[in-house]
Amino acid sequence: MSAASVLFDAPGPRARVRHRLYSVLVVVALAGFGWLLYDAFAEQGQFTAAKWKPFLDAGVWETYLLPGLRGTLTAAVISIVFALIFGMIFGILRLSDHRWIRWTAGAVVELARAIPVLILMIFLFAVFGEYKVFRSDDLALAAVVIALVIYNASVIAEIVRAGIRSLPKGQTEAAVALGLRKTQLMRLILLPQAITAMLPALVSQMVVVLKDTALGYQITYVELVRAGQQEGASQQNTIPALMVVALIMISLNLALTFLATTLEKRLRSRRKKGGGTVLAADSIVTDAAPGVDITKN
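(A) Spotlight on the pattern of salt bridges. Under the counting rule described, the total for this entry stands at six salt bridges. In this structure, the salt-bridge partner of glutamate 158 is arginine 161, at a minimum N-O distance of 2.8 Å. Of this pair, glutamate 158 and arginine 161 both sit in helix α7 (residues 139-165), three residues apart, which is roughly one turn of the helix. An identical accessibility class is assigned to glutamate 158 and arginine 161; each is buried. Through salt bridges with shared partners, a single ionic network connects Arg94, Glu110, Arg113, Glu158 and Arg161.

(B) Representation of unusual backbone geometry within the structure. Of note, the phi angle at lysine 132 is positive, near 50 degrees, even though the residue is not glycine. Topologically, lysine 132 is positioned in the loop between α6 (117-131) and α7. On the basis of relative accessibility, which here comes to 67%, the residue lysine 132 falls in the exposed class. For threonine 220, which is not glycine, the phi dihedral falls at a positive 70 degrees. Within the secondary structure, threonine 220 sits in the loop between α9 (182-212) and α10 (224-235). For threonine 220, a relative accessible area of 46% corresponds to the partly exposed category.

(C) Molecular detail of the packing of α6 against α7. Between α6 and α7, the least distance of the axes is 8 Å, while the angle of their chain directions is 135 degrees. When the interaxial angle is binned, α6 and α7 end up oblique. By crossing handedness, the relation of α6 to α7 is classed as right-handed. Facing α6, whose interface residues are Val117, Leu120, Met121, Leu124, Phe125, Phe128 and Gly129, α7 presents Leu139, Ala140, Ala142, Ala143, Val144, Ile146, Ala147, Leu148, Ile150 and Tyr151.

(D) Highlighting α6. Between the first and last C-alpha of α6 there are 21 Å, a value that for 15 residues agrees with the 21 Å anticipated at 1.5 Å per step. Buried within α6 are the following residues: Val117, Leu120, Met121, Leu124 and Phe128. Seen along its axis, α6 keeps its buried residues to an arc of 100 degrees; they face one direction. Set apart from the buried face of α6 by more than 90 degrees, the exposed residues are Ile119, Phe123 and Glu130. Where α6 is buried, its residues touch α7 and α9. Lysine 132 sits one or two residues past α6 and shows a positive phi near 50 degrees.

(E) Representation of the nonpolar core. Grouped together as the largest cluster of nonpolar side chains are 42 residues, with contacts concentrated most on Met121, Val144, Ile164, Leu190 and Met198. Contributing elements (two or more residues each) for this core: α4 (58-93), α6, α7 and α9. No other element matches α7, which puts 15 residues into this core. Setting aside residues no more than four positions away along its own chain, methionine 198 makes contact with Met88, Ile159, Val160 and Gly163. One finds Phe55, Leu65, Ala76 and Ala214 within the second-largest nonpolar core, a separate group that totals twelve residues.

(F) Spotlight on the packing of aromatic side chains. One pass over the full model with this rule turns up six aromatic pairs. Pairing tryptophan 52 with phenylalanine 55 gives two aromatic rings, centres 5.8 Å apart and planes at 50 degrees, and the pair type is tilted. With a relative accessible area of 28%, tryptophan 52 lands in the partly exposed category. For phenylalanine 55, a relative accessible area of 11% puts it in the buried group. Three or more aromatic residues joined by ring pairs form one cluster here, namely Trp35, Tyr38, Phe41 and Phe47.

(G) Highlighting α7. Between its first and last C-alpha, α7 extends 39 Å over 27 residues, near the 39 Å set by a 1.5 Å rise per residue. Counting buried positions over the 27 residues of α7 gives 21, a clear majority of the element.

Scoring rules and cut-offs
- Residues numbered from 1 in each chain as written.
- Predicted model: local features only at pLDDT ≥ 70, side-chain atom pairs only at ≥ 80, totals over all residues.
- Heavy atoms only, no water.
- Salt bridge = Lys/Arg side-chain N within 4 Å of Asp/Glu carboxyl O.
- Helix = DSSP H or I, 4+ residues; strand = E, 2+ residues; numbered from the N terminus.
- Buried < 20%, exposed > 50% of the residue type's maximum accessible area, 1.4 Å probe, protein only.
- Axes fitted to C-alpha atoms, helices over the stretch in contact; angles between N-to-C directions.
- Parallel < 35°, antiparallel > 145°, perpendicular 65-115°, else oblique.
- Left-handed = near helix turned anticlockwise from the far one by under 90°.
- Contact = heavy atoms within 4.5 Å.
- Expected span 1.5 Å × (residues − 1).
- Arc of directions from axis to C-beta.
- Core = buried A, V, L, I, M, F, W, Y, C linked by side-chain atoms within 4.5 Å.
- Phe/Tyr/Trp six-rings, centres within 6.5 Å; stacked < 30°, edge-to-face > 60°.

This is the structure in structure tokens:
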């Protein structure tokens, strides 16, 4: 019995024919929708050479698109790094043995998840501007980054908590029996395995961060979408400009997904070859009596 047939009943001859027919109908419907969309844009002259010629000019890229791309990547990279750090911290705190720590971390995470990112950006931008927390040139970037970090760190915290809890309890019990402290248990045993299991979900959240940087245009932050709109207003080709922006964003998301998928495969293959992490007996702190050599039988 194949692995696929364990999860569901294998389709029979009629079902396979029906599935192929449905697939053909969906492809035809998508092709028809694509043609209608293309025809509507063509009627408006959006595919004329004059609309697309500005993208062959290096000055247009240097003035609009490249600064916008730099703004998007800057906000995304900073947000992803700090969201991962704080997400890991709060995910671990939610598993604390101390009830007050666990409840406090849970309250912070739930509150951060409940606030819409755009509203948080606008609020932080207004507060930073009112109290002059940052320089005027950095106000928009700070509001975008902090809002993205707050929201996405809360989501990553839940991913981390779920990833650690998905591991077999026997590993924790064995580590405790060997005398490992909780920090050693988390750092040496649970987190390395959980990160591999969490990678697909973490990658999805990183893609969300990258896309949500576009919300920054509401608070005057110069990112790729805002730069595309500025280029479109300047060159009178808004639709082609947004199409180019969409292609750039799709390329960035695909590159990020490919990078993370490759990393996940390497981590999984390394675990299979290595058979897991083996700790030296003398590196384990135990509660054995002084003078007892635990490495001897």
